[in-house]
Amino acid sequence: MLNVTLFPTPCYVFGVNVGLSVVMAWCVMALLLTGLVLLNILVVRKMKPAPTGAQNYVELIVDGIHRWAEGKVGHAADFVAPISMSLMAYVFFNTIVELFGLPPATKDLNCTFAIGLCVFITVNVSGFKFRGGLRGRIKGLCNPSAIVMPIRILTDFIAPCSIAIRLFANIMVGGIIMELIYMVVPIILPAAVASYFNVLHVGIQTFVVGLLSLIYVSEAIE
Amino acid sequence: MTLGLIAIGAAIAALCGAGAALGMGNATGKAVEAIARQPEAAGKINSSLMFGLIMMETCAVYALLVGILIVFILGAKA
């Protein structure tokens, strides 16, 4: 029988139980930051007007996400696109480690609820920022009429929980299905199925997190 | 007896997939019709379709999670 639980796997750092997912997230973030600093030194500092080599890919990713965000949130893209891209990078690299047999950090409800909290803060800050303070935000919340305001506030609180539980459920269920397949057919078939559950699925979830954060921001600032 | 009831509970949770499938099929069909009628609006239609599909997929994934939790957590206890 598989051992399935909603609680995080315990992991002790200097005698304090911080959970395995937090340690995994720290390791992934350390690697990611090292990679980004190297990228900054090797590529971004030497940017030329006519791109060559790696600069093409950097521009492709940054510009692509910026343009995608512009299509969703318009002029707020300068503020929202970097946040959305950071969330996507975090989710992508913390989930893709499952491909190397490591426990992904997003398999833990604490991690995904932290991502949901980031989305909640982004939505509210951009709501205040682009609608002109508290009055504009409240006016935006009672958009069709004042009666819908409680429902829209409730939606604002539920949306991050929905992001969190969706991400958690997707990653956890993908892991469980992979383990079941390993139990039944230990050779050949897992390699084929892993290309969906550990590679493509990760990309889809990353895309979904970015898209949902942009859509909730666009609802807050419209 | 208890294991059988747990299995039936998981099966009922999985019924949610039928609703999600109906919704996804309906939405995709309508989107294809709309693109056939107005091919230049394909980009906008695709992004709205994607949002709707994500919402429906969430519903199905919740059902899957509930089903799996019923089977593995309640089933391990029984």
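Residues numbered from 1 in each chain as written. Chains lettered and ligands numbered in written order. Predicted model: local features only at pLDDT ≥ 70, side-chain atom pairs only at ≥ 80, totals over all residues.

**Quick look at the overall build of chain B**
In terms of helices and strands, chain B carries three helices and zero strands. Along chain B, helices (α) and strands (β) appear in the sequence α-α-α when read from the amino end. With respect to the principal axes defined by its C-alpha atoms, chain B has extents near 60 × 15 × 10 Å. Considering only residue pairs separated by 6 or more positions, chain B has 82% of its internal contacts joining residues 24 or more positions apart. (Helix = DSSP H or I, 4+ residues; strand = E, 2+ residues; numbered from the N terminus. Contact = placed C-beta atoms within 7 Å.)

**Remarks on the packing of helix α2 (residues 54-73) of chain A against helix α3 (residues 77-96) of chain A**
When two helices pack together, their arrangement is given by the angle between the helix axes and by the axis-to-axis distance. Residues and elements named next belong to chain A. Relative to each other, α2 and α3 sit at 125 degrees, their axes nearing to 9 Å. It follows from the interaxial angle that α2 and α3 lie oblique. The two elements α2 and α3 meet at a crossing, and its hand is right-handed. Between α2, through I65, H66, A69, E70 and V73, and α3, the contact on the second element is made entirely by A77, V80, A81, S84 and M85. Partitioning the contact of α2 with α3 into residue classes produces seven nonpolar, two polar and one charged. (Axes fitted to C-alpha atoms, helices over the stretch in contact; angles between N-to-C directions. Parallel < 35°, antiparallel > 145°, perpendicular 65-115°, else oblique. Left-handed = near helix turned anticlockwise from the far one by under 90°. Nonpolar A, V, L, I, M, F, W, Y, C, P; charged D, E, K, R; others polar.)

**What about the nonpolar core?**
Judged by nonpolar contacts, the single largest core of 44 residues is most densely connected at V73, V80, I115, I163, L167, V209 and V217 of chain A. Where this core is concerned, the elements lending two or more residues are α1 (20-42), α2, α3, α4 (109-131), α6 (149-184) and α7 (189-221) of chain A together with α3 (42-77) of chain B. (Core = buried A, V, L, I, M, F, W, Y, C linked by C-beta atoms within 7 Å. Buried ≥ 20, exposed ≤ 12 C-beta atoms within 10 Å, placed from the backbone.)

The analysis is restricted to geometry; functional conclusions fall outside its scope.
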